[in-house]
Amino acid sequence: MAIGLFAGMRRVVGESRTGLRGKLDALDRTQAVIEFALDGTILDANRNFVEALGYAEPADIVGRHHRIFVEAEDAASPDYAAFWARLAAGKPDVGLYRRRGRDGREVWIQASYNPVLNAFGRPVKVVKFATDVTQQRLRAADMEGRLAAIDKAQAVISFTLDGTILEANDNFLTTMGYTRDEVVGQHHRMFVDAADREGADYLAFWQKLGRGEYDSALYRRVDRHGREVWIQGSYNPIFDMSGRPFKVVKYATDVTAQTRASRTLHASLAELADTVPAIAAQARATNNLANAASRSAVDGGAMVDAVIATMSAIQAGARDISEIVAMIDDIAFQTNILALNASIEAARSGIHGKGFAVVANEVRMLSQRSAESARDIRELIDGTLERVREGSARSGEAGAAMRDILTSVGTLLERVSDVAVATTQQAGGIDNVRRAVAELA
């Protein structure tokens, strides 16, 4: 009977040892394991551990102290000494530890230091089970850094799926004019205009977020003092490990000033867009007037050229008349000489030349009057020629001035035409800008 009981106990103990060994083997395959003496001297380590810390073989670290995995300033600190004192006293230690690899790189380990007790309950060594979580830690640090940067730069607030406020950062509270205690536990509707919060759109908005659907837009909100606040933001559902949304985080930027400026610009552009067509019409009318003025200037130039030609013809005719008058004056002079000779011959003839003398005297008097008339005509013609020469000079000057006017009118016509085209194009461009600003607003 006793022998059978002893055999049964041995079988149970054997099975227990087999199970324990199997568990230890499983841990050895999946985790980094290292054993220390109570003072921190390394007794043994598996391959997972030495590879995690950058060593080739367990022999590279056996017999050395744990401090080879710790920064020098940390190894010399009172906390490090207290850490090994607790383990030597049989107290385990569990946590996330920052360690140093063989090449000096930073290694993060999620581990437990487990004192091993003897049959009398006294600690005899320490076994550490560890997992290298360096990559996870780096990703977490990167994410934490990003979130911290967002928290500094943007307004952040979180809600439950029904819109109850969980937390808000200082940027958000400053933007809306509240303190943390005044918003936490309240509903998001406190930031919404009364007319909007009761609408079907607002209810659908939270239903959409509750389904885990993202929403991003320019939102009109109301601060503590009832003032309009415009926020460019996004409502981001956060999912749990099962993929179910459990809260909503909003990242936002206060764009009130920009939105108001955009609205003012939009109104100004709309007003400008309304006036530019009128300006364009006036430019086209001015262009038409310039064309008419150009045609009139061309016609005027042609008339001046005709006047100049006429004045030249008059001047030529006056010169011809002057020559004729000179010939008449010469004939009168010759006639006067002949009449004088006839009078002399009549006096020599005595009584028989008395009648002829009377005729000769009449002819002489007639030639004298002709000479006087010729001189008067010559003076008149000379005065006329002088005035014709002055008129011709003035006509020439007018012609030169008219040609300058034609050149200037042509240049003005080109400029006015360019203005008309540019104004029409500007009208179209301003309308495009106005529509773009309206879309942004």
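Here's a quick rundown of the structure. Everything numeric here is computed off the predicted structure, so don't read it as measured data.

### A word on the pattern of salt bridges
Counted according to the given criterion, the structure contains 18 salt bridges. The closest approach of N and O atoms between D103 and R105, which form a salt bridge, is 3.4 Å. The partner of K208 in a salt bridge is D215, with the nearest N and O atoms 2.7 Å apart. Residue D215 is classed as buried on the basis of its relative accessible area, which comes to 14%. Connected through salt bridges with shared partners, the residues R47, E51 and E57 form a single ionic network.

### A closer look at the sheet that holds strand β9 (residues 228–239)
Judged by pairing direction, the sheet is antiparallel, and its five strands sit side by side in the order β7-β6-β10-β9-β8 without closing on themselves. The open sheet has two edge strands with one neighbour each: β7 (165–168) and β8 (215–222). The mean inter-strand angle of the sheet, taken between neighbouring strand axes irrespective of direction, is 30°. Bridging between strand β6 (residues 155–159) and β7 involves three bridges; their strand directions are antiparallel. Bridging across to β7, F159 finds its partner in I165. The strands touched by helix α9 (residues 200–210) within the sheet are β6, β8, β9 and β10 (245–254), with β8 carrying the most contacts at an inclination of about 140°.

### Thoughts on the nonpolar core
Membership of the largest hydrophobic core comes to 26 residues, with the highest contact counts inside it found for I34, F49, L53, I61 and F69. When residues of this core are traced back to their parent elements, those giving at least two are β1 (32–36), β2 (42–45), α2 (47–52), α4 (78–88), β4 (106–117) and β5 (123–132). Apart from the residues lying within four places of it in its own chain, the contact partners of I34 are I42, D44, A45, F49, I61, F69, V126, V127 and K128. Judged by nonpolar contacts, the second largest core, of 22 residues, contains V183, F191, I231 and Y235.

### Re the pairing of β1
With four of five residues buried, β1 lies mostly within the body of the structure. One ladder, built from five bridges, connects β1 with β5; its direction is antiparallel. Of the residues in β5, the one forming a bridge with I34 is K128. Linking two consecutive strands that pair antiparallel, namely β1 and β2, is a turn of five residues; a positive phi of about 100° is found at G40 within it.

### Quick look at the packing of aromatic side chains
For the structure shown, the criterion picks out 20 aromatic pairs. Considering the side-chain rings of Y80 and F83, the 6.3 Å spacing of their centres and the 25° angle between planes classify their relative orientation as stacked. Residue Y80 and its partner F83 are both found in helix α4; the two are separated by three residues, about one turn of the helix. Accessibility classification places Y80 together with F83 in one group, the buried group. For the pair F205 and Y235, a centre-to-centre distance of 4.8 Å together with 85° between the ring planes defines the contact as edge-to-face. Of the two residues, F205 sits in helix α9 while Y235 sits in strand β9, which places them 30 residues apart along the sequence.

### Some words on the environment of D193
Note that D193 resides in the loop between α7 (180–183) and α8 (194–197). Between the C-alpha atoms of D193 and D223, which are 30 residues apart in sequence, the distance is 9.5 Å. Ignoring sequence-local partners within four residues, the contact set of D193 consists of R220 and V222. Separated by 3.0 Å, the side chain of D193 and the backbone nitrogen of A195 make a polar contact.

### Here we look at the sheet that holds strand β3 (residues 93–100)
In space, the five strands of this open sheet follow the order β2-β1-β5-β4-β3, with antiparallel pairing throughout. Looking along the sheet, the strands with just one partner apiece sit at the ends: β2 and β3. Averaged over all neighbouring strand pairs, the angle between strand axes comes to 30°, with direction disregarded. The pairing of β1 with β2 spans three bridges and is antiparallel. Following the sheet pairing, F36 is matched in β2 by I42. Docked against the sheet, α4 engages β1, β3, β4 and β5, running at close to 140° with respect to β3. Strand contacts of helix α5 (residues 134–153): β3, β4 and β5, with the helix running at about 130° to β4, the strand carrying the most contacts.

Parameters and conventions
Residues numbered from 1 in each chain as written. Predicted model: local features only at pLDDT ≥ 70, side-chain atom pairs only at ≥ 80, totals over all residues. Heavy atoms only, no water. Salt bridge = Lys/Arg side-chain N within 4 Å of Asp/Glu carboxyl O. Buried < 20%, exposed > 50% of the residue type's maximum accessible area, 1.4 Å probe, protein only. Pairing = 2+ DSSP bridges. Helix = DSSP H or I, 4+ residues; strand = E, 2+ residues; numbered from the N terminus. Axes fitted to C-alpha atoms, helices over the stretch in contact; angles between N-to-C directions. Contact = heavy atoms within 4.5 Å. Core = buried A, V, L, I, M, F, W, Y, C linked by side-chain atoms within 4.5 Å. Phe/Tyr/Trp six-rings, centres within 6.5 Å; stacked < 30°, edge-to-face > 60°. Polar contact = N/O pair within 3.5 Å; in protein donor to acceptor, adjacent residues only side chain to side chain.

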